[in-house]
Amino acid sequence: KIQKTYGQDCIKIIQDNPYILASDIEGMGFISADKIAMKLGIPENSEKRIEAGIKHVLLQGGLNGHCFLKINQIFNESFNVLRISDKNLISKCLLKLETKNEIKVVSLYINDEKRYYTNKIYYDENYCATKLKDLISNEVDFDSQNLEYWAECNGSGKIILSDEQLNAVKSIITNPVSVLTGGAGVGKSSCTYALVKYLEGTGKTILLAAPTGRAAKRMTEVIGKEAVTIHRLLAWNPFIEGFT
């Protein structure tokens, strides 16, 4: 796989910078590349090593649910991965990565601490923000009189919603995009049930989807209408690596 990627000069390329394996070869991460580098005699404080280690730290941050890391998090994680405690050297390598456009650095406000992103997560986040902005600008078709009457009758009658739940459902109906969130047992499922029943009563076509099969099954049980996983709803096709 390595030879196919780099051709006849692969040994020379790897000897010059084994850390490119982590970004170019699928299945070859930083840890494996670092072992090769150490056997080749590359110094532990090599800037190539530190730059690759920082990109690895940001990548791991993403896998742990972080869109970005701040400088102290990078210092701490870099020490865990690289055993390098020289903050000036790490800062220098961060600046080089930013200059080479290999990472994204964002400050949203004056004096705001810098936020360090992998390129992929940075562009993914911007894509999602753009799509949400487009959706939020849409008009919502609803009958305000019908909605108020429904609210006065407290939904379907099968479940009794609290004032907070009713307001949540009304807000979802009147806005093009909503996020309904809360801990276990606060009434999210009841709100979703009431929302679906209201929309069905107005003649809307509804699709129910959830991130996992377990969540889809739970949604089906609560609402009494089939829910599917998001990837099944969108018909993921692995051959084209896209949705049909």
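Residues numbered from 1 in each chain as written. Predicted model: local features only at pLDDT ≥ 70, side-chain atom pairs only at ≥ 80, totals over all residues. Heavy atoms only, no water.

(A) Main features of the overall build of the protein. Helix and strand content of the protein: 13 helices and six strands. For the protein, the spread of C-alpha atoms along the principal axes amounts to about 75 × 45 × 30 Å. Expressed as a percentage of its 244 residues, the buried residues of the protein come to 30%. Counting only contacts in the protein whose residues sit at least 6 apart along the sequence, the fraction spanning at least 24 positions is 43%. Accessible surface computed for the protein: about 16200 Å², of which carbon and sulfur atoms make up 52%. (Helix = DSSP H or I, 4+ residues; strand = E, 2+ residues; numbered from the N terminus. Buried < 20%, exposed > 50% of the residue type's maximum accessible area, 1.4 Å probe, protein only. Contact = heavy atoms within 4.5 Å. Areas by Shrake-Rupley, 256 points an atom, 1.4 Å probe, with all protein chains shown as cover.)

(B) Up close: a nonpolar patch on the surface. A cluster of nonpolar side chains, contributed by Leu-207, Ile-230, Leu-233, Leu-234, Trp-236 and Phe-243, occupies part of the molecular surface with about 590 Å² of accessible area. Considering each element in turn, the nonpolar patch owes the most residues, three residues, to helix 13 (residues 230-234). Here Leu-233 is to be found in helix 13. (Patch = residues over 30% accessible without salt bridge, like charges linked within 9 Å, V, L, I, M, F, W, Y side chains within 5 Å. Salt bridge = Lys/Arg side-chain N within 4 Å of Asp/Glu carboxyl O.)

(C) Representation of the pairing of strand 2 (residues 115-118) within the structure. Side chains Arg-115 and Tyr-117 project from strand 2 onto one buried face, and the interleaved Tyr-116 and Thr-118 project onto a second face that is buried too. Pairing geometry for strand 1 (residues 103-106) and strand 2, over four bridges, is antiparallel. Looking at strand 2, one finds that Lys-104 is bridged to Tyr-117. (Pairing = 2+ DSSP bridges.)

(D) Expanded view of the nonpolar core. Formed by 30 residues in total, the largest nonpolar core has its most connected members in Ile-50, Ile-54, Ile-90, Leu-94 and Tyr-116. Those elements that place two or more of their residues in this core are helix 2 (10-16), helix 4 (30-39), helix 5 (47-63), helix 6 (71-82), helix 7 (87-99) and strand 1. Not counting residues within four places of it along the chain, the set of residues in contact with Leu-94 comprises Ile-54, Ile-71, Ile-74, Ile-103 and Tyr-116. Among the nonpolar cores identified, the runner-up in size contains eleven residues, and Leu-147, Trp-150, Val-169 and Cys-191 belong to it. (Core = buried A, V, L, I, M, F, W, Y, C linked by side-chain atoms within 4.5 Å.)

(E) The arrangement of the environment of Leu-161 in detail. You can see Leu-161 is positioned in the loop between helix 9 (144-152) and helix 10 (163-174). Of the residues examined, Leu-161 reaches a relative accessible area of 5% and is grouped as buried. Taking the C-alpha atoms as reference points, Leu-161 and Ala-194, separated by 33 residues in sequence, lie 8.5 Å from one another. Once you skip the residues sitting within four places of it in the chain, Leu-161 turns out to touch Trp-150, Asn-154, Leu-166, Val-169, Ser-190 and Ala-194.

(F) The arrangement of the pattern of salt bridges in detail. Evaluated as defined, the whole model comprises 14 salt bridges. Salt-bridge contacts for Glu-102 lead to Lys-100; the nearest nitrogen and oxygen are separated by 3.7 Å. Look at Lys-100 and you get partly exposed, because its relative accessible area is 42%. Residue Lys-204 pairs with Asp-141 through a salt bridge whose shortest N-O separation is 3.3 Å. With Lys-204 in the loop between helix 11 (188-201) and strand 3 (209-210) and Asp-141 in the loop between helix 8 (119-136) and helix 9, this residue pair connects regions lying 63 residues apart in the sequence. Overall, Lys-204 belongs to the partly exposed group, its relative accessible area being 35%. Residues joined in a network through salt bridges with shared partners are Glu-47, Glu-51, Lys-55, Lys-92, Lys-96, Lys-100 and Glu-102.

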